[in-house]
Amino acid sequence: MTHGPVTKFAKAWALGLIQVRVGSSADHIATIGPALTSAFSVGALASTKFMMTAEFYKQRSGFPLREDGAIPLSDAAAIQGGFREITPWTMALARGLDPTGSIAATVAEVRKVTTLGTTDATKVIAVTDATPADWAPISDTWVVAFTGATAGSIYGLKTGLVHTFVALDSAMAPVDGDTNKYFSIPASYFTGTWAAGDVYVFNTTKLATAGGSAYPGDPDDWEAASPAIGLGGLVSPLDLRIEGVYTYPDGVSQMVMIFPRGQVAASVDIDFAEQDPAAIPVQFDAKTASSENAAGSAVWNNMPLGQIVWGRNIA
């Protein structure tokens, strides 16, 4: 044959960016396949690059010297990118902080608009800690609007309608699209006599859980919360699970790069230009995830930095 190479698998053209997903390493350390959903995506990226690097010792002998063989000295894998969206969440990642810690929330009664309706002081509205991928609980003001003695609807001022009820002797636990509870009102929390037109209002306020590297905010309400990132106080980055999901142009074939235990190493350099959007550079480095590391698992003993898997709609 005299012509050049031709396409063998049209669906394997590499076109487009990797979707980078970040989650908890400890929660998924024993999972070999893709574990993170698209909800864990870090958002829009300016560029992405997957790298596998290695260094070798090369044995030479004879005269003239000729190579006899090579021995691997080091092995590394990393994903580089640039965040298009500059939020506390992406800036925290770029600074090496860990934004995957749990999120707590508080509940506070705002007011009751009722004549005879009461609440049981021995019971409380509950909220459940969540990871940033869940974004539940959230900060919102919730209105329980009664349409009858035991019926009504619950609205969030930001979230909208989340629940309708026809009885007060059952718990009310509305969930978001990922089945994460916004809150849970216990059964028989509402006592006394409620009537159509009565209203009960309460707040849930999301709070960052302090840790080795404090989480400064989230994409839901960072403008209202006014989070901040301190300068000059870097700490050792915590372990993250990194998955780079590449979907081929056919829309179903995927290549997924899995770092079961990774960390972020980057120097933040943001160029603000008149027309081009800024991008925060970031690099996710794979770290040893085998059982030799206390934070690892035996499932990674033969592939300590992770693996690359291919399939159709696997992530």
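Details of the structure are given in the entry above.
Everything in this summary refers to the structure shown in the same document. Just so it is clear, the model here is predicted, and its values are computed rather than measured.

What follows covers the overall build of the protein. Secondary structure summary: the protein contains three helices and 14 strands in total. For the protein, the residues scored as buried account for 37% of the 315 residues in total. The long-range share in the protein, meaning contacts at least 24 apart out of those at least 6 apart in sequence, stands at 65%.

Counting 25 residues, the largest nonpolar core has Val20, Val22, Val42, Phe83, Leu93, Ile242 and Phe284 as its most contacted members. Contributions of two or more residues to this core are made by β1 (19–24), β3 (66–83), α2 (88–94), β11 (240–247), β12 (253–264) and β13 (280–286). Not counting chain neighbours up to four residues away, the residues in contact with Val20 comprise Phe40, Ser41, Val42, Leu45, Ile79, Ile242, Glu243 and Phe284. Trp142, Tyr189, Tyr200 and Phe202 belong to the second largest nonpolar core, which has 18 residues in total.

Taken together, the side chains of Tyr57, Ile71 and Leu73 present a nonpolar region at the surface, about 330 Å² in accessible area. Turning to its location among the elements, Tyr57 is positioned in strand β2 (residues 45–61).

Take the pattern of salt bridges next. Here the idea is simple: oppositely charged side chains can pair when their charged atoms come close. Evaluation of the coordinates by the stated rule reveals five salt bridges. A salt bridge links Glu67 to Arg60, with the nearest nitrogen and oxygen atoms 3.3 Å apart. It is possible to trace a salt-bridge network through shared partners that takes in Lys58, Arg60 and Glu67.

To continue, consider the environment of Val124. You can see Val124 is positioned in the loop between β5 (116–119) and β6 (140–146). The exposure class of Val124 is exposed, given its relative accessible area of 58%. C-alpha of Val124 to C-alpha of Ala108: the two residues are 16 residues apart in sequence and 9.7 Å apart in space. Excluding its chain neighbours within four sequence positions, the residues that come into contact with Val124 are Ser184, Pro186 and Tyr189.

Right, let's get into the side chain of Thr204. The topology assignment puts Thr204 in strand β10 (residues 199–208). Here Trp142 takes part through its side chain, which lies 2.9 Å from a polar atom of the side chain of Thr204. Discounting residues that sit within four places of it in the chain, Thr204 has contacts with Thr106, Val107, Val127, Ile138, Ser139, Asp140 and Trp142.

The residue Phe190 is located in strand β9 (residues 190–193) in this model. Residues Phe190 and Asp169, spaced 21 residues apart in sequence, show a C-alpha to C-alpha distance of 8.6 Å. Dropping the residues within four chain positions of it, Phe190 is found in contact with Thr118, Thr119, Val144, Phe146, Leu168, Met172, Ile185 and Tyr200.

Turning next to the packing of aromatic side chains. Within the structure shown, the criterion is met by 13 aromatic pairs. Between Phe146 and Phe190 the ring centres are 5.4 Å apart and the planes differ by 85 degrees, which places this aromatic pair in the edge-to-face class. One end of the pair, Phe146, is in strand β6; the other, Phe190, is in strand β9, with 44 residues separating them in the sequence. Among the residues examined, Phe190 registers a relative accessible area of 6% and is labelled buried. Between Tyr200 and Phe202, the ring centres sit 6.2 Å apart and the planes meet at 35 degrees, which makes this aromatic pair tilted. Given the relative accessible area of 1%, Tyr200 is considered buried. Taken together, Trp142, Phe146, Phe165, Tyr182, Phe183, Tyr189, Phe190, Trp194, Tyr200 and Phe202 form an aromatic cluster joined through their ring pairs.

Another point: unusual backbone geometry. Look at the link from Phe63 to Pro64: it is a cis peptide, with omega at -5 degrees. Tracing the sequence through the fold places Pro64 in the loop between β2 and β3. Non-glycine residue Ser188 carries a positive phi angle of around 60 degrees. Within the secondary structure layout, Ser188 lies in the loop between β8 (160–165) and β9. Given a relative accessible area of 30%, Ser188 falls into the partly exposed group. You will see that Asn313, though not glycine, has its phi angle at about 50 degrees, which is positive.

The next thing to look at is the side chain of Ser25. By secondary structure assignment, the location of Ser25 is in helix α1 (residues 25–28). Sequence-distant contacts of Ser25, that is, excluding residues within four places in its chain, are made with Asp239, Leu240, Arg241, Pro260 and Arg261.

About the criteria used
- Residues numbered from 1 in each chain as written.
- Predicted model: local features only at pLDDT ≥ 70, side-chain atom pairs only at ≥ 80, totals over all residues.
- Heavy atoms only, no water.
- Helix = DSSP H or I, 4+ residues; strand = E, 2+ residues; numbered from the N terminus.
- Buried < 20%, exposed > 50% of the residue type's maximum accessible area, 1.4 Å probe, protein only.
- Contact = heavy atoms within 4.5 Å.
- Core = buried A, V, L, I, M, F, W, Y, C linked by side-chain atoms within 4.5 Å.
- Patch = residues over 30% accessible without salt bridge, like charges linked within 9 Å, V, L, I, M, F, W, Y side chains within 5 Å.
- Areas by Shrake-Rupley, 256 points an atom, 1.4 Å probe, with all protein chains shown as cover.
- Salt bridge = Lys/Arg side-chain N within 4 Å of Asp/Glu carboxyl O.
- Polar contact = N/O pair within 3.5 Å; in protein donor to acceptor, adjacent residues only side chain to side chain.
- Phe/Tyr/Trp six-rings, centres within 6.5 Å; stacked < 30°, edge-to-face > 60°.

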